[in-house]
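Fold and geometry: a report
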Amino acid sequence: MFAPGHLGELTRIIPFEMVDEVLAQTRAQERRVRLVAARVTVYLLLAAALFTDLGYRQVFDRLCAGLAGLALARPSGSALRQARQRLGPAPMKALLGAPPKWWTR
């Protein structure tokens, strides 16, 4: 159904709503439109933990593998690193810490 590590596969485990809640709690939502949104950066970092032998750009390609045929922007490795720096550590700490009460997995 999905390529390994594909964004859709990760969203079944960690839903968008959970990521958005963490971004709101940690005030890490973007203030303007960016090539790599904060939500996408969270999934990029989760996938990077699965594919430790790949660079950010290759991990991003895996995340988008199921979206072949769509005209997607392909950010540079530098843009992906800057997105990670903008996000900071707080959202990932909150996400990987104790799950919220509504998440019963």
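Throughout what follows, the structure given in this document is the object of discussion. (Residues numbered from 1 in each chain as written. Predicted model: local features only at pLDDT ≥ 70, side-chain atom pairs only at ≥ 80, totals over all residues. Heavy atoms only, no water.)

Let us now look at the overall build of the protein chain. Check the secondary structure of the protein chain and you find six helices and zero strands. The linear arrangement of helices and strands in the protein chain, starting from the amino end, is α-α-α-α-α-α. Looking at the protein chain residue by residue over its 105 residues, the buried ones come to 33%. About 6,700 Å² of surface is accessible on the protein chain, with carbon and sulfur atoms providing 56% of the total. (Helix = DSSP H or I, 4+ residues; strand = E, 2+ residues; numbered from the N terminus. Buried < 20%, exposed > 50% of the residue type's maximum accessible area, 1.4 Å probe, protein only. Areas by Shrake-Rupley, 256 points an atom, 1.4 Å probe, with all protein chains shown as cover.)

Turning to helix α4 (residues 56-63), its buried residues number three or more, namely Val59, Phe60 and Leu63. Buried residues of α4, viewed axially, fall in a sector of 100°; they line one side. (Arc of directions from axis to C-beta.)

Here we take up the pattern of salt bridges. Applying the stated criterion across every chain, the model contains two salt bridges. In this structure, the salt-bridge partner of Arg39 is Asp20, at a minimum N-O distance of 2.5 Å. Pair noted here: Arg39 is in helix α3 (residues 38-50) and Asp20 is in helix α2 (residues 16-25), with a separation of 19 residues, a long-range link. Its relative accessible area of 28% is what places Arg39 among the partly exposed residues. The shortest N-O distance in the salt bridge between Arg74 and Asp61 comes to 2.6 Å. (Salt bridge = Lys/Arg side-chain N within 4 Å of Asp/Glu carboxyl O.)

All buried positions along α2 are accounted for by Met18, Val19, Val22 and Leu23. When α2 is viewed along its axis, its buried side chains cluster within an angular range of 135° and face the same direction. In this structure, α2 carries Glu17 and Gln25 as exposed residues pointing more than 90 degrees from its buried face. Taken together, the buried residues of α2 touch α3, α5 (77-87) and α6 (90-96). Positive phi appears at Arg27, one or two residues downstream of α2, with a value of about 55°. (Contact = heavy atoms within 4.5 Å.)

We now examine the nonpolar core. The biggest cluster of nonpolar side chains holds 25 residues, and the ones touching the most others in it are Ile14, Leu23, Val42, Leu46, Leu87 and Leu95. Going through the elements one at a time, α2, α3, α4, α5 and α6 are the ones with two or more residues in this core. For this core, the element with the highest residue contribution is α3, accounting for eight residues. Those residues in contact with Leu23 that lie beyond four places of it in its chain are Ala28, Gln29, Ala38, Arg39, Val42, Leu87 and Pro91. (Core = buried A, V, L, I, M, F, W, Y, C linked by side-chain atoms within 4.5 Å.)

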